[in-house]
Amino acid sequence: MSEGSFVARLWARVVYDRSIGFGFEYIGLTTLRYPRIMALFALVFTIICASQMPRVNVDGDLLRVYAHSGPYYDAYEHLSQTFGTFENDIYVLVSSPNLTQPETLEQVRELAFDLELNEFAVGTMSPFTLRRPSSAGGSVPAVPEGMTDFAQVALALTDLQQNDPMMRNLITPDLTGMVLIMFPNQEMTRGDGTKAMLASVRDTLRYYEGGDLQIELTGPPVWTSEMISASVNDQIKFTTYGFGLGALIALFALRSLTGALLVAATPFVAVLWSMGTVMMMFGSFSFLTIIVTTLVLVMAFAESMFFIFNWLAFWRDGMEPHKAVDATLKLVGPATALTTLTTLVAFASLYFSPGQGVQEFAIAGAVGCAIMFVCLMTVMPLLLKLSLRLGFRSPKPPSFALNAPVPLAWMLATRFGRSITALSALVVVLLVVPYFLIEPKFSFEDFMASDSNALNAAAEIDQGVGGVAPLYIRVPLSEHDPNVAQADFERIRTVHQILEGELGDNKVISVASMSNYTDSGFSRKEVLDAVGPFLRKRFVTDDGAQGLVTGFMPTIIESNALKDMVSRITDKLAAAGIEGAEVGGFRMLTTFATDDIVRSLQASLSVSVIINIVLIGFAFGSVRVALASIVPNLFPILGTEAYLWASGSGLQLTTVIALTIAFGIAVNDTIHFLSHYVHDRREAHLDHLGAVKNTMERIGGAIVATTVILCVGTAIVAFSDLPQVALFGRLFVISLALALVGDLFMLPAILVAGATFFQPLGRIRVRTADHVDTPDDPAGGHAT
């Protein structure tokens, strides 16, 4: 047969066959037809993806997740471009019981000056860089130089801490700590620049550590660095242990070392391909796209187990092993194609949610699913054929432990099928209630390592001085005076008082906080000139059209508390007649935008579930099959959401992603079960109950083995130092366990209880490779 006629033959089968995989399984058939060409393709693509591995990095910019997500992001971006913000600054907390000793104070002064000279710094703010107006004209250092005894230092620092508006946020009340703030060069910190900057800053600080000084580093760049480090370590841990434990459990299940390696090899290649492709598409991973490798690993392991179990079953039934590979591909390939399509639809639905990060995740997830499928259709059959040429022999039957639940499930289905079906439907209906009750939640603490030193340092700053979690209010000014005219000053002071009423005394800075100097006879121009041009821009724009009031919240604040506070501030601003004022800040962005994104993700996932149930019915050509899939597919998702609601965890970005993966796994097992059942009805001509029983016996062990492998591998993540990752691990295990219950106990009971309803499934027309088999309809029609 010529190559042209083979392609035409494939196309004719795609168009006319009743294939639940919509013809995508022919990628695998092409591999069988042209193994050398496909092997060359797999090898070349593997090399290309492997070449990307040295470039793999995680972009820690959380703004990438929220970019273009709506009005909250737009407001924050406008605020940042207009005034600059404190979210990118590095905070250095210097503590010493002897800070009021002249020698210690001068040592801290030298540290502050060295920090200012750091190559990554465009400016610093500390008690030593700030100046205050002088009665003689001009300005003088805020912390006087040349003090010689303890009393002088204590008196000077006390005066500054109590009376200078900026010093209140830089000197602790007990005079044992100072905060030094470094403003990084944003151009130099792009990509891996943040890592280099932190290393440079730590080198500078290391010279002064020890003795009386205790130095702690904190601030968003440090938090981001810790998050990246922890997430990358978790990913390495999950991937390494996942592969290792998966292979060990596959070894136990198959009782063959070669079989276990065959199960693990395809997921390994699939993960490599997906990582390389994401790097080529986006240049780096984000906090969300890095999870795609987990998804690919999970689904590839599941599909590999189904493939190997069916192949070995055909082989043990007496089929020649090479032909068993072909038969397995024709049986499992369409089901794998459909599971890939349903998961791809779930990811595609997420693309319509706001936020650049979510859209990148949706694209990466959809591409990862497609790559995983291509890998299964090429690498898997090639490896099986190669293993046979190398002398691989059929292993012993699978471990009895894997099939142990199958007889119990069959007994329950045949004896209590109707009761289980009714109970299952009732449980799913009841689980819809938490779905509507659960609320989005965002907590910054959940993204930080539980033993984070930077977070502890931030908490100390919260207690002692201003804090490192700013909340901003942009105030439109009418006089357009860069030195702030009196009417605009009163407007800023009103806003200042409103914000201070929420955050507490000495937790807010603005032009109005400098009234002690203006009350002493200095003009506002002199005061603003004294703080320097860099800081001046964080109080008022150069054209005097806008002023900024900055308040410092606690680093850890619950999302509901922040929402309530912003609501009160907004109401007070309206009551005070302050029109056009805008409340913003990164913490506000993450809290409010997360709500919008998560609600959109939840709605998108719900729509994708409905679309996929319809897709399953269309693929199988039967509404009955679609109806049979509803309960086992909804049960894991709704059950996991019920756990989130009951535990008070709420819906977060990572939890919705976990639900997406849970849905993919649930659909995976359900489709393979229904595909095998329908195959037994249409091809093997088994009766209804015989087909259900045979399906359970043939793939029940694969479902159990897959679940065990994935649960054990994911359980490791549940012990992560990152609360979000740990929650992801717990949700994953819960979802997998519920999916096992749904597919091994609920689905068979539904099929058995609805024997009469599902009886017509054996009469749907089937087109095979060389002929059209229509046993019940010679005229070519089909029954549904």
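Higher on the page you've got the structure.
Below, the structure is looked at part by part. For clarity, every value in this text was computed on a predicted model and none was experimentally measured.

### Some words on the environment of Arg415
- One can find Arg415 in helix α15 (residues 405–437).
- C-alpha separation for the pair Arg415 and Ala749, spaced 334 residues apart in sequence, amounts to 9.1 Å.

### Digging into the side chain of Glu303
- Mapped onto the elements, Glu303 comes out in helix α11 (residues 291–316).
- Here Glu303 occupies a buried position and makes no salt bridge, while the nearest side chain of opposite charge, Arg698, is found at 15 Å.
- In terms of polar contacts, Glu303 uses its side chain to reach the side chain of Thr336, at 2.9 Å.
- Not counting residues up to four positions away in its chain, the partners in contact with Glu303 are Thr336, Thr339, Met372, Leu376, Asn668 and His672.

### Observations regarding the sheet that holds strand β8 (residues 508–509)
- A sheet is described by the order of its strands in space; here 4 strands give the open sequence β8-β9-β7-β10, paired in antiparallel fashion. Each end of this open sheet is capped by a strand with a single partner; those strands are β8 and β10 (582–584).
- Inspection of the sheet shows strand β7 (residues 469–476) paired to strand β9 (residues 546–553) by 8 bridges, in the antiparallel sense. From the neighbouring strand, Tyr472 faces β9, where its bridge partner is Thr550.

### As for the packing of aromatic side chains
- In total, this model carries 14 aromatic pairs according to the counting rule given.
- Ring centres of Tyr351 and Phe352 lie 5.9 Å apart, and the angle between their planes is 85 degrees; on these two criteria the pair is classed as edge-to-face.
- On the basis of relative accessibility, which here comes to 69%, the residue Phe352 falls in the exposed class.
- Here Phe757 and Phe758 contribute two aromatic rings whose centre-to-centre distance is 5.1 Å and whose plane-to-plane angle is 85 degrees, an arrangement assigned as edge-to-face.

### Quick word on a nonpolar patch on the surface
- A cluster of nonpolar residues, Leu40, Val44, Ile48 and Met280, forms a patch on the protein surface that exposes about 330 Å² of accessible area.
- Broken down by element, the nonpolar patch gets its largest block of residues, 3 residues, from helix α3 (residues 35–50).
- Here Ile48 is to be found in helix α3.

### Brief notes about the sheet that holds strand β1 (residues 90–95)
- Taken together, the 4 strands give an open sheet; going across it, the order is β2-β5-β1-β6, and neighbouring strands pair in antiparallel fashion. Here the strands that pair on one side only, and so sit at the sheet edges, are β2 (121–125) and β6 (214–218). When the angles between neighbouring strand axes are averaged without regard to direction, this sheet yields 20 degrees.
- Set on the sheet, helix α6 (residues 102–116) makes contact with β1, β2, β5 (177–184) and β6; between it and β5 the angle comes to about 10 degrees.

### Here's the deal with the pairing of β1
- Where burial is concerned, most of β1 is hidden: 6 out of the 6 residues are buried.
- With burial as the criterion, each face of β1 is covered, one bearing Ile90, Val92 and Val94 and the other bearing Tyr91, Leu93 and Ser95.
- Pairing analysis gives 5 bridges linking β1 to β6, with the strands arranged antiparallel. For Ser95, the partnering residue across the bridge sits in β6 and is Gln214.

### Re the nonpolar core
- The biggest cluster of nonpolar side chains holds 157 residues, and the ones touching the most others in it are Ile308 and Trp311.
- The greatest single-element share of this core, amounting to 18 residues, is contributed by α11.
- The contact partners of Ile308, leaving out residues within four places of it in the chain, are Leu254, Leu262, Val263, Met380 and Leu384.

Cut-offs used in this document
Numbers given to residues run from 1 along each chain, matching the order in which its sequence is written. The model is predicted, so local features are restricted to residues of pLDDT at least 70 and side-chain atom pairs to those at 80 or more, both for listing and for counting; the totals for chains, interfaces and linings are taken over all residues. To obtain the side-chain values, all non-hydrogen atoms of the structure were used and water was disregarded. A run of H or I in DSSP counts as a helix once it spans at least four residues, and a run of E counts as a strand once it spans at least two, with each numbered from the N terminus. Three exposure classes are used, based on accessible area relative to the maximum for each residue type with a 1.4 Å probe and protein chains only: buried under 20%, partly exposed in between, and exposed over 50%. Just so you know, the count uses Lys and Arg for positive and Asp and Glu for negative, and it drops His and the chain ends. Salt bridges are defined as contacts in which a side-chain nitrogen from Lys or Arg sits within 4 Å of a carboxyl oxygen from Asp or Glu. Polar contacts here mean pairs of N or O atoms no more than 3.5 Å apart (in protein, one a potential hydrogen donor and the other a potential acceptor; neighbouring residues in sequence count only if both atoms are side-chain atoms). The contact criterion used throughout is that any non-hydrogen atoms of two residues lie within 4.5 Å. For two strands to be treated as a pair, DSSP must find at least two bridges joining them. Pairs were defined over the aromatic rings of Phe, Tyr and Trp, the Trp ring being its six-membered one, requiring ring centres within 6.5 Å. Orientation was assigned from the angle between planes: stacked under 30 degrees, edge-to-face over 60, tilted for the rest. In this scheme, patches are assembled from residues that exceed 30% relative accessible area and form no salt bridge. Like charges are connected within 9 Å, while nonpolar side chains (Val, Leu, Ile, Met, Phe, Trp, Tyr) are connected within 5 Å. Per-residue and other accessible areas were derived by the Shrake-Rupley procedure at a 1.4 Å probe size, with only the shown protein chains allowed to occlude residues. Lines fitted to C-alpha atoms define the axes here, with helix axes fitted over just the stretch in contact, and angles between the N-to-C directions of these axes take values from 0 to 180 degrees. To define a nonpolar core, start from buried Ala, Val, Leu, Ile, Met, Phe, Trp, Tyr and Cys residues and group those joined through side-chain atoms within 4.5 Å.

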